[in-house]
Amino acid sequence: MSKTAQRLVQAAIEAAKTAYAPYSNFHVGAALLLENGQIVTGSNFENASYGMTLCAETVAIAKANSDGQLRAIREIAVAGGLAGHVGTGAEPITPCGRCRQIIKEVADLTEADIPVHCAHATGYETFTLFELLPHGFGPASLK
Ligand code: THU
């Protein structure tokens, strides 16, 4: 287990504490590692019109972008679970399909595969974006 990934997973678990999820009660945190070592976090943000919900990963990536750091994203950690149980499931919580597509944008822009560390009860499992979304459509497809 890498120290950086562990630190990132911890930041994701911490970020889940700011989740606004009164409808699902499922709290998710995401943490992005930037090339300069800084961490940007996000949490899920639900809405009474359920389908408008923003996932933690999407919030974190949009935050990084609005700080001018979209191309600086190198690694991602995700932790989720019912309130009070974030990161404690036997299986890792992996990004939903829409978030995989959002992460794909970063992978294509940086021309790098992005490790995604997904928290579970005894640590985390790392998948690369290309494993999570093989043959995906992205900015490079438009060239
Ligand atoms: N959720 C995320 O924040 N990220 C994911 O990748 C999966 C799902 C959120 C959306 C919703 O607020 C709650 O988890 C239950 O689906």
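Higher on the page you've got the structure.
Keep in mind the model is a prediction, meaning the values are calculated, not measured.

Visitor: Go over the site of the ligand, please, and point to the residues and values.
Guide: Lining the immediate surroundings of the ligand are S24, F26, V28, N44, E46, T53, C55, A56, E57, T94, P95 and C96. In this structure, an oxygen atom belonging to the ligand sits 2.9 Å away from a side-chain N or O atom of N44. One nitrogen or oxygen atom from the side chain of E46 is found 2.5 Å from an oxygen atom belonging to the ligand. Surface burial for the ligand is 79%, taken as the share of its 380 Å² of free accessible area covered by protein chains. Contributions of two or more residues to the shell around the ligand are made by β1 (26–34) and α2 (56–66).

Visitor: Which residues make up helix α1 (residues 3–15), and what are the values?
Guide: Its 13 residues give α1 an end-to-end C-alpha distance of 18 Å, which sits within 8% of 18 Å, the value for a rise of 1.5 Å per residue. Listed in full, the buried residues belonging to α1 are A5, L8, V9, A11, A12 and A15. Axial view of α1: buried residues confined to an arc of 160°, hence all on one face. Looking at the packing, one finds that the buried side of α1 touches β1, β2 (39–43), β3 (73–82), β4 (115–120) and β5 (123–128).

Visitor: Could you give an account of the sheet that holds β2, naming the residues involved and the relevant values?
Guide: A sheet is described by the order of its strands in space; here five strands give the open sequence β2-β1-β3-β4-β5, paired in mixed fashion. Taken across any chain shown, the strands that pair with only one partner, and hence form the sheet edges, are β2 and β5. The sheet shows a mean angle of 20° between the axes of neighbouring strands, taken without regard to direction.

Visitor: So what's going on with the nonpolar core? Which residues, and what values?
Guide: Grouped together as the largest cluster of nonpolar side chains are 24 residues, with contacts concentrated most on L32, I61, I73, I76 and I114. Counting residues per element, the ones that place at least two in this core are β1, α2, β3, α3 (97–110), β4 and α4 (129–132). Residues contacting I73, with those up to four places away along its chain left out, are L32, L33, L34, I61, A64, V106, T110 and I114. With 13 residues, the next largest nonpolar core counts A5, V9, A12 and A77 among its residues.

Visitor: I'd love a proper account of unusual backbone geometry, names of residues and values included.
Guide: For N25, which is not glycine, the phi torsion reads 60° and is therefore positive. Structurally, N25 can be placed in the loop between α1 and β1.

Visitor: Lay out the pairing of β5 with the relevant residues and their values.
Guide: Two faces make up the sheet, and in a regular strand the side chains alternate between them. Where β4 and β5 come together, six bridges link them in antiparallel fashion. The partner of A119 across the bridge, within β5, is Y124.

Visitor: Pulling in residues and values, what's your account of the side chain of E75?
Guide: One can find E75 in strand β3. Within the structure, E75 has its side chain in polar contact with the side chain of H117 (distance 2.8 Å). Contacts of E75, omitting those with residues within four sequence positions, involve L8, A31, L32, L33, I114, P115 and H117.

Visitor: For the state of the cysteines, give the residues involved together with the corresponding values.
Guide: According to the stated counting rule, one finds zero disulfides in the structure shown. The thiol of C55 is not disulfide-bonded; the next cysteine sulfur, from C99, is found 3.8 Å away. In this structure C99 is not part of a disulfide, and its nearest cysteine sulfur, from C96, lies 3.7 Å away. The class for C99 is buried, based on a relative accessible area of 0%.

Visitor: Can you explain the packing of α2 against α3? Please cite residues and give values.
Guide: Remark: α2 packs on α3, axes separated minimally by 9 Å, with the N-to-C direction vectors making an angle of 25°. With respect to each other, α2 and α3 are oriented roughly parallel. The crossing of α2 and α3 is left-handed. Residues E57, T58 and I61 of α2 pack against R98, C99, I102, I103 and V106 of α3.

Quick notes on the rules
Residues numbered from 1 in each chain as written. Predicted model: local features only at pLDDT ≥ 70, side-chain atom pairs only at ≥ 80, totals over all residues. Heavy atoms only, no water. Near = heavy atom within 4 Å. Polar contact = N/O pair within 3.5 Å; in protein donor to acceptor, adjacent residues only side chain to side chain. Areas by Shrake-Rupley, 256 points an atom, 1.4 Å probe, with all protein chains shown as cover. Helix = DSSP H or I, 4+ residues; strand = E, 2+ residues; numbered from the N terminus. Expected span 1.5 Å × (residues − 1). Buried < 20%, exposed > 50% of the residue type's maximum accessible area, 1.4 Å probe, protein only. Arc of directions from axis to C-beta. Contact = heavy atoms within 4.5 Å. Pairing = 2+ DSSP bridges. Axes fitted to C-alpha atoms, helices over the stretch in contact; angles between N-to-C directions. Core = buried A, V, L, I, M, F, W, Y, C linked by side-chain atoms within 4.5 Å. Disulfide = S-S within 2.5 Å. Parallel < 35°, antiparallel > 145°, perpendicular 65-115°, else oblique. Left-handed = near helix turned anticlockwise from the far one by under 90°.

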